[in-house]
Amino acid sequence: SYIDCLSYIQLHHLIPEETIIVSTQGTITKTELNTIKAVVNRTYYRARLREIHLAFDNDRKGEEYMIKTKKIIRETGHEDKIIKKELESGYKDWNE
(Lines give C-alpha, C1' and ligand atoms only; values in the text may rest on other atoms or scores of the structure.)
Protein backbone atom coordinates (compact mmCIF):
# COMPACT_ATOMS: atom_id res chain seq x y z
CA SER A 1 0.00 0.00 0.00
CA TYR A 2 1.00 3.64 -0.26
CA ILE A 3 1.22 3.79 3.53
CA ASP A 4 3.75 0.93 3.46
CA CYS A 5 5.76 2.81 0.82
CA LEU A 6 5.83 6.00 2.86
CA SER A 7 6.76 4.02 5.99
CA TYR A 8 9.63 2.41 4.07
CA ILE A 9 10.93 5.81 2.95
CA GLN A 10 10.84 7.08 6.52
CA LEU A 11 12.45 3.98 8.04
CA HIS A 12 15.32 4.00 5.56
CA HIS A 13 15.85 7.78 5.55
CA LEU A 14 15.29 8.12 1.81
CA ILE A 15 14.67 11.54 0.33
CA PRO A 16 11.07 11.70 -0.94
CA GLU A 17 11.97 14.13 -3.74
CA GLU A 18 14.56 11.64 -5.02
CA THR A 19 12.42 8.54 -4.62
CA ILE A 20 9.90 7.00 -6.97
CA ILE A 21 7.23 5.01 -5.15
CA VAL A 22 5.33 2.21 -6.85
CA SER A 23 2.62 0.48 -4.87
CA THR A 24 0.98 -2.66 -6.22
CA GLN A 25 -1.85 -2.42 -3.69
CA GLY A 26 -1.50 -6.06 -2.69
CA THR A 27 -1.53 -7.58 -6.16
CA ILE A 28 0.74 -7.51 -9.16
CA THR A 29 -0.45 -7.88 -12.74
CA LYS A 30 1.37 -7.96 -16.06
CA THR A 31 0.33 -4.33 -16.59
CA GLU A 32 1.88 -3.30 -13.27
CA LEU A 33 5.07 -5.22 -14.07
CA ASN A 34 5.31 -3.47 -17.43
CA THR A 35 4.77 -0.12 -15.71
CA ILE A 36 7.60 -0.89 -13.28
CA LYS A 37 9.82 -1.82 -16.24
CA ALA A 38 9.00 1.48 -17.99
CA VAL A 39 9.64 3.50 -14.83
CA VAL A 40 13.02 1.81 -14.29
CA ASN A 41 14.07 2.47 -17.89
CA ARG A 42 12.88 6.08 -17.85
CA THR A 43 14.44 6.80 -14.46
CA TYR A 44 17.77 5.30 -15.46
CA TYR A 45 18.15 7.46 -18.53
CA ARG A 46 16.84 10.66 -16.99
CA ALA A 47 18.18 10.55 -13.45
CA ARG A 48 21.04 8.07 -13.48
CA LEU A 49 19.28 5.46 -11.44
CA ARG A 50 21.44 4.41 -8.48
CA GLU A 51 19.25 2.07 -6.48
CA ILE A 52 16.04 0.12 -6.84
CA HIS A 53 14.53 -0.73 -3.47
CA LEU A 54 12.13 -3.67 -3.43
CA ALA A 55 10.01 -3.90 -0.31
CA PHE A 56 7.04 -6.22 -0.31
CA ASP A 57 5.03 -7.74 2.52
CA ASN A 58 6.64 -10.42 4.62
CA ASP A 59 4.45 -13.28 3.40
CA ARG A 60 4.18 -15.82 0.58
CA LYS A 61 2.60 -13.32 -1.82
CA GLY A 62 5.25 -10.73 -1.03
CA GLU A 63 7.99 -13.22 -1.91
CA GLU A 64 6.16 -14.14 -5.13
CA TYR A 65 5.89 -10.46 -6.11
CA MET A 66 9.56 -9.95 -5.28
CA ILE A 67 10.55 -12.73 -7.68
CA LYS A 68 8.32 -11.39 -10.47
CA THR A 69 9.59 -7.84 -10.01
CA LYS A 70 13.23 -8.89 -9.96
CA LYS A 71 12.66 -10.80 -13.19
CA ILE A 72 11.17 -7.77 -14.96
CA ILE A 73 13.99 -5.52 -13.69
CA ARG A 74 16.53 -8.08 -14.90
CA GLU A 75 15.06 -7.52 -18.39
CA THR A 76 16.02 -3.82 -18.13
CA GLY A 77 19.64 -4.71 -17.38
CA HIS A 78 19.55 -3.01 -13.98
CA GLU A 79 19.35 -6.00 -11.63
CA ASP A 80 22.65 -4.93 -10.06
CA LYS A 81 20.89 -1.85 -8.67
CA ILE A 82 18.34 -3.85 -6.66
CA ILE A 83 18.35 -3.49 -2.91
CA LYS A 84 16.07 -6.02 -1.28
CA LYS A 85 14.96 -5.07 2.20
CA GLU A 86 13.62 -7.65 4.62
CA LEU A 87 11.18 -6.97 7.41
CA GLU A 88 12.12 -8.14 10.87
CA SER A 89 10.67 -11.50 11.82
CA GLY A 90 7.11 -11.26 13.07
CA TYR A 91 6.17 -8.21 10.98
CA LYS A 92 4.09 -8.45 7.81
CA ASP A 93 3.91 -4.82 6.66
CA TRP A 94 6.34 -1.90 6.62
CA ASN A 95 3.97 0.26 8.64
CA GLU A 96 3.72 -2.12 11.62
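The preceding data block contains the structure.
Bear in mind the structure is a predicted one, so any value in this text is a computation, not a measurement.

Student: So what's going on with the pattern of salt bridges? Which residues, and what values?
Tutor: Applying the stated criterion to the full structure yields five salt bridges. Residues Lys37 and Glu75 are paired through a salt bridge, measuring 2.9 Å at the closest nitrogen-oxygen approach. You can see Lys37 sitting in helix H2 (residues 30–47) and its partner Glu75 sitting in helix H3 (residues 60–76), a full 38 residues away along the chain. The class of Lys37 is partly exposed, set by a relative accessible area of 24%. Glu79 serves as the salt-bridge partner of Arg74, at 3.1 Å between the closest nitrogen and oxygen. Since its relative accessible area comes to 45%, Arg74 is described here as partly exposed. The partly exposed category is assigned to Glu79, whose relative accessible area is 31%. In this structure, a network of salt bridges that share partners links the residues Lys61, Glu64 and Lys68.

Student: Any chance you could break down the nonpolar core for me, citing the residues and the numbers?
Tutor: Within the largest apolar cluster, 13 residues are counted, with the highest numbers of intra-cluster contacts made by Val40, Ile52, Leu54 and Ile73. Mapped by element, the contributors of at least two residues to this core are H2, strand E1 (52–54) and H3. Apart from the residues lying within four places of it in its own chain, the contact partners of Ile52 are Val40, Ile73, His78, Lys81, Ile82 and Ile83.

Student: Describe helix H1 (residues 2–11), naming the residues involved and giving the relevant values.
Tutor: Among all positions of H1, only Asp4, Cys5, Ser7, Tyr8 and Ile9 are buried. Those residues of H1 that are buried are in contact with E1. One or two residues past the end of H1 sits His13, with phi positive at roughly 55°.

Student: Could you give me a rundown of a nonpolar patch on the surface, with the residues and numbers involved?
Tutor: Judged by side-chain polarity, Tyr2, Ile3, Leu6 and Ile21 come together as a nonpolar surface patch covering roughly 400 Å² of accessible area. Along the chain, Tyr2 falls in helix H1. According to the relative accessible area criterion, Tyr2 is exposed, its value standing at 52%.

What counts and how
Residues numbered from 1 in each chain as written. Predicted model: local features only at pLDDT ≥ 70, side-chain atom pairs only at ≥ 80, totals over all residues. Heavy atoms only, no water. Salt bridge = Lys/Arg side-chain N within 4 Å of Asp/Glu carboxyl O. Helix = DSSP H or I, 4+ residues; strand = E, 2+ residues; numbered from the N terminus. Buried < 20%, exposed > 50% of the residue type's maximum accessible area, 1.4 Å probe, protein only. Core = buried A, V, L, I, M, F, W, Y, C linked by side-chain atoms within 4.5 Å. Contact = heavy atoms within 4.5 Å. Patch = residues over 30% accessible without salt bridge, like charges linked within 9 Å, V, L, I, M, F, W, Y side chains within 5 Å. Areas by Shrake-Rupley, 256 points an atom, 1.4 Å probe, with all protein chains shown as cover.

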